[in-house]
Amino acid sequence: MPKTLKGKISLVYIGLVCLTALVSIVSIVNLLILQRSVSGLISENYDSISAMNSAANALEQQNVSILQYLELDDTDALSRYHAAEQTVGQAIWKEKSNITEPGEKALSAKLEKDFQAWSGNFFIFQNIRDTKGAAESAAYYQNELQPLSAEIQQTISRIVTINQNAMLQKKSATAAHTRDSLVLVVILSVLTISGGFILSRWLLGRFLSPLQLLTATIRKVRAGELNAQVDIRTGDEMESLAHEFNGMVGRLSAFEESTMGTLMEEKNRSVSIVKSIPDPLLVLDRDFKIVMANSACELFFGFNETTMQGRHFLEAIRDGDLFDFILQSLATKDAVNQKVWAFTREKEYYFNLVLTHGQGEGPAAQECVLLMQNVTSFKELELTKTNFFATVSHEFKTPLTSILMGASMLEGGHLGMLSKEQKKLVDTIVEDGERLSGFVNELLEVSRLESGKAIYTFEPCSISAIAEESIRQFTETALRENVTLINDVEEDLPLTLADYERITWVLNNLINNALKYTKSGDFITVDAKVKGNRMEVSVKDTGDGIPPEYIDRIFDKFVQVKGHEIESRGTGLGLAVAKEIVTAHQGDIRVESELDAGSTFYFTLPLAGRNTGEAN
Ligand code: ADP
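A quick note: this is a predicted structure, and the numbers were derived from the prediction, not measured. (Residues numbered from 1 in each chain as written. Predicted model: local features only at pLDDT ≥ 70, side-chain atom pairs only at ≥ 80, totals over all residues. Heavy atoms only, no water.)

Draft legend 1. Geometry of the overall build of the chain. Summing up its helical and strand segments, the chain has 14 helices and 12 strands in all. The C-alpha atoms of the chain give a radius of gyration of 69 Å, which is well past the 25 Å a tight globule of 616 residues would have. Residues classed as buried in the chain amount to 37% of the 616 residues present. In the chain, 64% of the contacts between residues at least 6 apart in sequence involve partners at least 24 apart. (Helix = DSSP H or I, 4+ residues; strand = E, 2+ residues; numbered from the N terminus. Rg over C-alpha atoms; globule rule 2.2 N^0.38 Å. Buried < 20%, exposed > 50% of the residue type's maximum accessible area, 1.4 Å probe, protein only. Contact = heavy atoms within 4.5 Å.)

So, in structure tokens, the structure goes:
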């Protein structure tokens, strides 16, 4: 067996060529045999028959010449006799040298012998004619020559018959041979074609079966079976290919093992980082089943991650509010959602909930991560601060009232006339005292609002009435400062559902701020418009404007724009209080501002008698 695949395929090819050659050789041999028998049939027997026919004709000519010589004494007849005699002799010689059939030789010898006797008798006939006369010679011709001529004709006829029969036999033998050859060639062709087909299929199948084995193994490897190996021992190129393939798969497997190892290491590191986060962290799948929970989560909510894995979130943490937050956050398209959530165990805990949607593709994309940042200590600190402010403010309020009252009495001259210097001093006491009182009031308001102790009285209010009252309070100041205060609020606007006192306070604060941060010649415009199911109130000024970096922080407590000339006159609490009040009305407050061009503050309020939950 050849050692190479090429050699093996060549072997199949050579086998097929050999079979074809065999069929060709058999066909050629048969054709040659056929050709020989046909040519033998034509030449040998035909030559004998032809020679005998010419002999029979010439003998007949001799008889005619003898009769002419006898009857007419025609001497030319003798020369015709001899010419014919020569023809007969040549024909007999031809026949003698062309003996092909059994019995033909004896007949040929007899023919030669009889013809020699015929020629001898003709000499005798001539002698009798010359010596004894015509009558005697005619009798001799009749008794001797004619019977011999008939005998010769009969022998000739027998030789012709033998050859004709032989021709007929050869013809039928040739036909039979042709038929046999045809059958042989057909059988051989069928055998060669089917044998060649079976042989080539079998051999090619045998040579190519390793290829099928290799293909099947490649499929296994593709399906992830990296320890799959192929065992081919054909000693040819297929074996080397299998060897190389096994090596490649081995390396692939080793590579995967090392990659898996690295990945596992990375995963373990990530898991231990997540586990060590001090705030509770949960990973949930799309069906709210727990995928992972860190140690802080286990510790705080008192469950075991291993037993809770794959269980529903509510089985681990039975809190409807928290679950609602998860549901609502997942319903939004925002990547991150936040909310402060209170949870009571032995005491009240506060968490800043951060829910992050899964990223990328695959199962992780369907998951969400819930981080519960424990902000209890900040909350407690804030509470302490609020309480402190409330206490301090409260403690300030009574003595301040007494101071202001005393100073007002002094200022009013109720306790005697004051000198110019004394009056100036008392005026300063009153002015600063009032400012301090305003600050204390704002502090108290903030504390009240933040502690949730503030009580709101929501009722249908006319925003044009509120605007009118606020503007009236500041008309004098505006005039004094040469600022034009415009009321653009239409009178027939729908009513809002609001706490009259507090919204008046908000508007006052906004107009007061606008006056603080405008100069002589500036404008302040108060306006209100219905937007969807809300009323949007705006206070626009053409004053200093707010630097962009402050826009987001301006509503936080104690935030004041640095560099404002008027900075020291404010408390930084007004907008924080306004925001608390507007938020309590389920509205929102915002500002649009451009430095040195002015600011516009907007806040919204619900309309009376409408569903405030509707979208704008
Ligand atoms: P304050 O008592 O200082 O006015 P607010 O909370 O009312 O406290 O305002 C916070 C800060 O916002 C102010 O100190 C001021 O710097 C800025 N601000 C508020 N309103 C305006 C305005 N209309 N134009 C420019 N700056 C303003």
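Draft legend 2. Region of the structure containing the nonpolar core. The biggest cluster of nonpolar side chains holds 49 residues, and the ones touching the most others in it are Ile463, Leu507, Ile511 and Phe603. Broken down by secondary-structure element, the contributors of at least two residues to this core are helix H11 (420-450), helix H12 (463-480), helix H13 (500-516), strand E9 (523-531), strand E10 (534-541), helix H14 (574-584), strand E11 (589-594) and strand E12 (598-606). No other element matches H13, which puts 7 residues into this core. Apart from residues lying up to four places away in sequence, phenylalanine 603 is in contact with Ile503, Val506, Leu507, Leu510, Met535, Glu536, Val537, Val582, Asp588 and Ile589. Of all hydrophobic cores here, the second largest spans 32 residues; its members include Ile49, Tyr69, Ile92 and Leu145. (Core = buried A, V, L, I, M, F, W, Y, C linked by side-chain atoms within 4.5 Å.)

Draft legend 3. Examining the packing of aromatic side chains more closely. A complete count under the given rule lists 16 aromatic pairs for this structure. Taken together, the ring pairs connect Phe300, Phe301, Trp341, Phe343, Tyr349 and Phe351 into an aromatic cluster. In this arrangement the basic side chain of lysine 347 is found over the ring face of tyrosine 349, its NZ or CZ atom lying 5.2 Å from the centre. If you follow lysine 379 out to its NZ or CZ, it ends over the ring of tyrosine 350, 5.4 Å from the centre. (Phe/Tyr/Trp six-rings, centres within 6.5 Å; stacked < 30°, edge-to-face > 60°. Lys NZ or Arg CZ within 6 Å of the ring centre and 35° of its normal.)

Draft legend 4. Structural view of the pattern of salt bridges. This structure, assessed with the given rule, holds 23 salt bridges. Between glutamate 445 and arginine 502 there is a salt bridge, with the nearest N and O atoms lying 3.1 Å from each other. Linking glutamate 445 in helix H11 with arginine 502 in helix H13, this pair joins segments that are 57 residues apart in sequence. Judged by its relative accessible area of 12%, arginine 502 is buried. A salt bridge links aspartate 499 to arginine 502, with the shortest nitrogen-to-oxygen separation between them at 3.4 Å. (Salt bridge = Lys/Arg side-chain N within 4 Å of Asp/Glu carboxyl O.)

Draft legend 5. Structural context of the sheet that holds strand E7 (residues 484-487). The sheet built from 5 strands is open, its strands ordered E7-E9-E10-E12-E11 with mixed pairing. What marks the edges here is a single partner per strand, and that holds for E7 and E11. Between one strand axis and the next, the sheet turns by 15° as a mean value, whatever way the strands run. In terms of strand pairing, E9 meets E10 through 8 bridges, oriented antiparallel. Paired with alanine 528 across the bridge in E10 is valine 537. Most of the contacts of H12 go to E7, to which it runs at about 170°, and overall it touches E7, E9, E10 and E12. (Pairing = 2+ DSSP bridges. Axes fitted to C-alpha atoms, helices over the stretch in contact; angles between N-to-C directions.)

Draft legend 6. Up close: the side chain of asparagine 45. Along the chain, the position of asparagine 45 falls in helix H1 (residues 5-72). At 2.8 Å, the side chain of asparagine 45 forms a polar contact with the side chain of asparagine 163. (Polar contact = N/O pair within 3.5 Å; in protein donor to acceptor, adjacent residues only side chain to side chain.)

Draft legend 7. Seen up close, a nonpolar patch on the surface. Taken together, Ile9, Leu204, Leu208, Leu211 and Leu241 make up a surface patch of nonpolar side chains, about 370 Å² in accessible area. No other element matches helix H4 (residues 134-222), which puts 3 residues into the nonpolar patch. Checked against the element boundaries, leucine 208 lands in helix H4. Using a relative accessible area of 36% as the deciding quantity, one classes leucine 208 as partly exposed. (Patch = residues over 30% accessible without salt bridge, like charges linked within 9 Å, V, L, I, M, F, W, Y side chains within 5 Å. Areas by Shrake-Rupley, 256 points an atom, 1.4 Å probe, with all protein chains shown as cover.)

Draft legend 8. Representation of the confidence of the model for the chain in the model. Across the chain, pLDDT averages 87, with 96% of residues at or above 70. Throughout residues 611-616 the model reports pLDDT below 50, and contacts reaching past four residues in sequence, or to other chains, amount to 10 contacts. (pLDDT = per-residue confidence, 0-100.)

Draft legend 9. Molecular detail of the packing of helix H10 (residues 376-411) against H11. Between H10 and H11, the least distance of the axes is 8 Å, while the angle of their chain directions is 155°. As the angle between them shows, H10 and H11 are arranged roughly antiparallel. Seen along the crossing, H10 lies across H11 with a hand that is left-handed. Of the residues belonging to the contact of H10 with H11, the class tally is 15 nonpolar, 8 polar and 6 charged. (Parallel < 35°, antiparallel > 145°, perpendicular 65-115°, else oblique. Left-handed = near helix turned anticlockwise from the far one by under 90°. Nonpolar A, V, L, I, M, F, W, Y, C, P; charged D, E, K, R; others polar.)

Draft legend 10. Inspection of a negative patch on the surface at higher detail. Negative charge collects at one region of the surface, where Glu468, Asp488, Glu490, Glu491 and Asp492 lie side by side. Turning to its location among the elements, glutamate 491 is positioned in the loop between E7 and strand E8 (496-498). Under the relative-accessibility criterion, glutamate 491 is labelled exposed at 65%. (Lys, Arg positive; Asp, Glu negative; His and termini not counted. Charge placed at Lys NZ, Arg CZ, Asp CG, Glu CD.)

Draft legend 11. Spatial organisation of the pairing of strand E1 (residues 281-284). Side chains Leu281 and Val283 of E1 all project onto a buried face; the interleaved residues Leu282 and Leu284 project onto the opposite face, where all are buried too. As paired elements, E1 and strand E5 (residues 368-374) share 4 bridges and run antiparallel to each other. In the sheet register, leucine 282 faces E5, and the bridge partner there is leucine 370. The loop that links E1 with its antiparallel partner strand E2 (residues 290-293) comprises 5 residues; one of these, phenylalanine 288, has a positive phi angle of about 60°.

Draft legend 12. Layout of the side chain of aspartate 114. Following the sequence through the fold, aspartate 114 ends up in helix H3 (residues 104-131). Classification of aspartate 114 as buried rests on a relative accessible area of 10%. Filtering out sequence-adjacent residues up to four positions away, aspartate 114 remains in contact with Leu148, Glu151, Ile152 and Thr155.

Draft legend 13. The pairing of E11, seen in detail. The pairing of E11 with E12 spans 6 bridges and is antiparallel. Bridge pairing in E12 links serine 593 to serine 599. Linking E11 back to E12 in an antiparallel pair, the connection comprises 3 residues, with aspartate 596 at a positive phi of about 65°.

Draft legend 14. Focus on H12. Its 18 residues give H12 an end-to-end C-alpha distance of 26 Å, which sits within 8% of 26 Å, the value for a rise of 1.5 Å per residue. Where H12 bends most, at phenylalanine 474, the angle is about 45°. Here the buried face of H12 lies against strand E6 (459-461), E7, H13, E9, E10 and E12. Count one or two residues on from H12 and you reach asparagine 482, which has phi positive near 60°. (Expected span 1.5 Å × (residues − 1). Bend = angle between axes of the 7 residues up to and from the residue.)

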